[in-house]
Amino acid sequence: MSAQDCENLGVYYSHCFDYAKDLYKKFDPAVIGCYLNLIRTAELLRTAVDGRMRVHNLTGPSLGILNLLEVAPNKRLTMNQIGEQMLVSQPNVTGLVDTLEKRGFVERISDLKDRRVRTIRITKQGSKTISKILPEHLRFMHSLFDNFTQKEMSSMTQKLCSIRSSLAKAAVSALIILSVFSVSARAQSSSAPLTLSQCYDMAVRRSETLRANAEGVFQFEQMARKSIGAILPDVHLIYTEQWQDTSGVDASGGGVNSTLTRSERPEVKIQAHQPIFSGFREFHAYSGFKSEEQRQILILKHAYLLLYEDVAGTFYLALQLEKDMENTRNILTLSQQRINDMESRVKLGKSRESELRSARSQLYTLQGEEEVLKGQVAVARESLSFLVGESVGSRVLADDVPASAPESLSLVLEHSRKRKDLQALAQAVESRRQSYKVARGAFSPTVGLLGNYYLKRVGFQEPIDWDLLLTVDLPLFQGGSNVSGMKIAASELSQATLEYQRYKRSVESLVRKAHINLQTVFAQMTAFENAFKEAQASYKLLVNEYQHGLVNNLDVLAALNTLESTKKALDRTQVQLKLNYLALKVASEDLEQAVNAAENYQSLEPLK
């Protein structure tokens, strides 16, 4: 925690105490500091451990389960034993074990004596993973307490145990503290770290684009159903009433004439029309709409990947700008230290006034850069707020993406061939093929049957209850419209096929470039890490030499500028590594979170 953070936290504690002292006269302000620091430390520790474990497809709790199983007799435990030793509830243990089992780290074994009893056993892969991770994790644990003595750590352990004991004996106390400090609790909630995974989930819940695409799926689903109507019979109830002037007509006779010359001719009938054959055009139309419906589903699923790409790009842009601002502030602090030192040396005649002014000039330049970065960070956070559907405020952006070296190009290319947008274009080709068959069906004869059942008739037709009309229509000449329609449909099919082939090649090229970019940035990372270490060492040496009068201030300032530029380059490369990693994952549609969300597209809820 920086000095500025400590100062801000001190002001925050002061405000909390002013609020609390009116509610509880004996309240000690130090309690707030201990309470909030304990919560914040636990959150940061959990985030740090999970981030380190995620590289190995694990979390802190799942690592604990593997560790327990590794040292257990026969390397196996029951679910209850795991829960008791981990101090975790049974449902949570079940979820953790399920995940570990899917990833091949553990397996469930039935007891030979009682099949109802099942134990959890670590697999060879799990043992191999724990032996690889545990030394690194132990080093990390030791690094947290490098500045503590054995006595201090024992004292801290005792005090933490005392706190847990108090919470276990009087859980109500925790509720009272939370209610008294509802303001501080809200502040803690609003400042909780925000990960890319959380941002994406929020964006899915808010995205209008996904819901608009879902409406497209629904529309073509209804069109397919509508096309079925051309195959099924049409049935109507028809009532007609005809009035005519018969004043000049002799209606005294009978038969047909008397019927036709009636002044009123009412008729009620049920009419049904059944298409029998029309060159299978209706079936092809239905198949075409179903293909289009599948295409819209694939487009919708790919939109989930595109949304992830947008959120990730904006998330890491904000993260990069904030790192730039943090680096600028660190350099500002170092520059101010240089200026303070030089002011003393100028008074003693050990430094020149020109050196002091150069340092001040650099300080003011950095302050200007800091203001620009503040604005850029605000804009980036606003863009992220737009995507996720709510203000992210000043919440910490926690990087939870464990970038790793790319898989072999052949595997990535194989995965990319299953891309949803590529499948959507294949469905577009199929849809155009069905449209061509519909157009070709225009040359076929159509056969239909029209039937009437009469409920009411007058005149000589009154005894006739029903009639049937068979129609056969063979198109001979339609002005060439059917020929042109078929040629247009054939051209559209050819066009769709060419677009599919071109896009298929472009996807392969995109994946190849993304693979190259990720390999490049991995190599670049090592170079910048070495550059930063050397710049850091150089700056420290020059500061020491300056104190002994071996170099002038301009040399120190130059080293400071080099340190700043290498640190910024390193941080930007780290961010670019994540972006390139995700770009390759998006290009091959190998993002588990987005793919799972896309498979559940039917669960999209309407926006409020």
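J.: Now, about the sheet that holds strand β2 (residues 106-110): what can you tell me, with residues and values included?
T.: Here three strands make up an open sheet; going across it, the order is β1-β3-β2 and the pairing antiparallel. The open sheet has two edge strands, β1 (76-78) and β2, and neither has a second partner. Neighbour to neighbour, the strand axes of the sheet diverge by 35° on average, direction disregarded. As paired strands, β2 and strand β3 (residues 118-122) are joined by five bridges and run antiparallel to one another.

J.: Just give me the short version of the nonpolar core, but keep the residues and values in it.
T.: Counting residues in hydrophobic clusters, the biggest one holds 74 residues, and the most contacted among them are L196, Y304 and L582. Counting only elements with at least two residues in this core, the list comes to α10 (196-206), α11 (208-228), α13 (281-347), α14 (353-388), α15 (409-416), α17 (481-547), α18 (553-587) and α19 (592-599). For this core, the element with the highest residue contribution is α13, accounting for 19 residues. Formed by 23 residues, the second largest nonpolar core is a distinct cluster that contains A72, M79, V93 and I122.

J.: If you had to explain the side chain of D571 to someone new, which residues and values would you point to?
T.: Mapped onto the elements, D571 comes out in helix α18. A relative accessible area of 6% means that D571 is categorised as buried. Excluding its chain neighbours within four sequence positions, the residues that come into contact with D571 are K323 and N327.

J.: Can you explain the environment of A527? Please cite residues and give values.
T.: Mapped onto the elements of the fold, A527 is located in helix α17. Relative accessible area serves as the criterion here: at 45%, A527 is assigned to the partly exposed category. Residues A527 and L570 lie 43 residues apart in sequence; the distance between their C-alpha atoms is 8.9 Å.

J.: Which residues make up the packing of helix α16 (residues 420-440) against α17, and what values do they have?
T.: Axis separation between α16 and α17 bottoms out at 8 Å; the angle between their running directions is 165°. By the criterion of interaxial angle, the relationship of α16 to α17 is roughly antiparallel. Crossing of α16 against α17: the hand is left-handed. Taking contact as the criterion, the partners of D421, L422, L425, A426, A428, V429, R432, R433, S435, Y436, A439 and R440 in α16 are, on α17, G485, M486, A489, A490, E492, L493, A496, T497, E499, Y500, Y503 and K504. Each residue belonging to the contact of α16 with α17 can be placed in one class, and the counts come to 14 nonpolar, three polar and seven charged.

J.: Lay out the packing of aromatic side chains with the relevant residues and their values.
T.: We describe a pair of aromatic rings using the distance from one ring centre to the other and the angle between the two ring planes. Per the stated rule, a full pass over the model turns up three aromatic pairs. Here F145 and F148 contribute two aromatic rings whose centre-to-centre distance is 5.8 Å and whose plane-to-plane angle is 65°, an arrangement assigned as edge-to-face. Classification of F145 as partly exposed rests on a relative accessible area of 34%. Arranged with centres 5.3 Å apart and planes meeting at 85°, the rings of F315 and Y316 form a pair that is edge-to-face. Residue F315 shares its accessibility class with Y316, and that shared class is buried. The aromatic ring of Y454 is capped on one face by R457, whose charged end is 3.6 Å from the ring centroid. Its guanidinium or amino end placed over the ring of F532, K567 lies 5.8 Å from that ring's centre, counting from NZ or CZ.

J.: Describe helix α6 (residues 124-144), listing the residues and the values that go with them.
T.: Its 21 residues give α6 an end-to-end C-alpha distance of 30 Å, which sits within 8% of 30 Å, the value for a rise of 1.5 Å per residue. I133 marks where α6 bends most, by close to 30°; the proline P135 follows one to four residues later.

J.: I'd like to hear about the pattern of salt bridges, residue by residue, with values.
T.: Using the criterion set out here, one finds 24 salt bridges in the structure. Here E70 and K75 are joined by a salt bridge, their closest N and O atoms 2.9 Å apart. Look at E70 and you get partly exposed, because its relative accessible area is 24%. As a salt-bridge pair, E267 and R457 come within 3.5 Å of each other at their nearest N and O atoms. Of this pair, E267 sits in strand β6 (residues 264-277) while R457 is found in the loop between β8 (446-456) and β9 (466-473), placing the two residues 190 residues apart along the sequence. Like E267, the residue R457 is buried in the burial classification. What you see here is one network of salt bridges that share partners, running through E369, E564 and K568.

J.: So, the sheet that holds strand β5 (residues 234-243): which residues are in play, and what are the values?
T.: Spatially, the four strands line up as an open sheet ordered β5-β6-β8-β9, and their pairing is antiparallel. One side of each edge strand has no neighbouring strand; the edge strands of this open sheet are β5 and β9. This sheet shows a mean twist of 25° between the axes of neighbouring strands, independent of strand direction.

Conventions and cut-offs
Residue indices follow the written sequence of each chain, beginning from 1 at its first position. Local features in a predicted model are, by the rule used here, given only for residues with pLDDT of at least 70; side-chain atom pairs are given and counted only at 80 or more, and totals for whole chains, interfaces and linings are based on all residues. The basis for the side-chain values is all heavy atoms of the structure; hydrogens and waters are excluded. For two strands to pair, DSSP has to find at least two bridges joining them. Each helix corresponds to a stretch of at least 4 residues labelled H or I by DSSP, and each strand to a stretch of at least 2 residues labelled E; elements are numbered beginning at the N terminus. Orientation is described by axes fitted as lines to C-alpha atoms, over the contacting stretch for helices, and by angles from 0 to 180 degrees between their N-to-C directions. The set of buried Ala, Val, Leu, Ile, Met, Phe, Trp, Tyr and Cys residues whose side-chain atoms join them within 4.5 Å is what this entry labels a nonpolar core. Relative accessibility thresholds used throughout: buried, under 20% of the residue-type maximum; exposed, over 50%; partly exposed, between the two (1.4 Å probe, protein chains only). Residue contacts follow a heavy-atom distance rule, with two residues in contact if any of their heavy atoms lie within 4.5 Å. An angle counts as roughly parallel when it lies under 35 degrees, as roughly antiparallel when it exceeds 145, as roughly perpendicular when it falls between 65 and 115, and as oblique in every other case. In this scheme the handedness of a crossing depends on how the near helix is turned from the far one: anticlockwise by less than a right angle means left-handed, clockwise means right-handed. Note on residue categories: nonpolar means Ala, Val, Leu, Ile, Met, Phe, Trp, Tyr, Cys or Pro, charged means Asp, Glu, Lys or Arg, and polar means any other residue, Gly included. Only rings of Phe, Tyr and Trp enter the pairing, Trp through its six-membered ring, and a pair is recorded when the two centres are within 6.5 Å. The plane angle decides the type: under 30 degrees is stacked, over 60 is edge-to-face, the rest tilted. Two conditions define a charge sitting above a ring: the NZ of Lys or the CZ of Arg must be within 6 Å of the ring centre, and it must be within 35 degrees of the ring normal. Given a helix with a known number of residues, its expected span is that number minus one, times 1.5 Å. What the bend at a residue measures is the angle between two axes, fitted to the seven residues ending there and to the seven starting there. Throughout this description, the term salt bridge denotes a Lys or Arg side-chain nitrogen within 4 Å of a carboxyl oxygen of Asp or Glu.

Interpretation note: all reported values are geometric properties and have no functional meaning in isolation.
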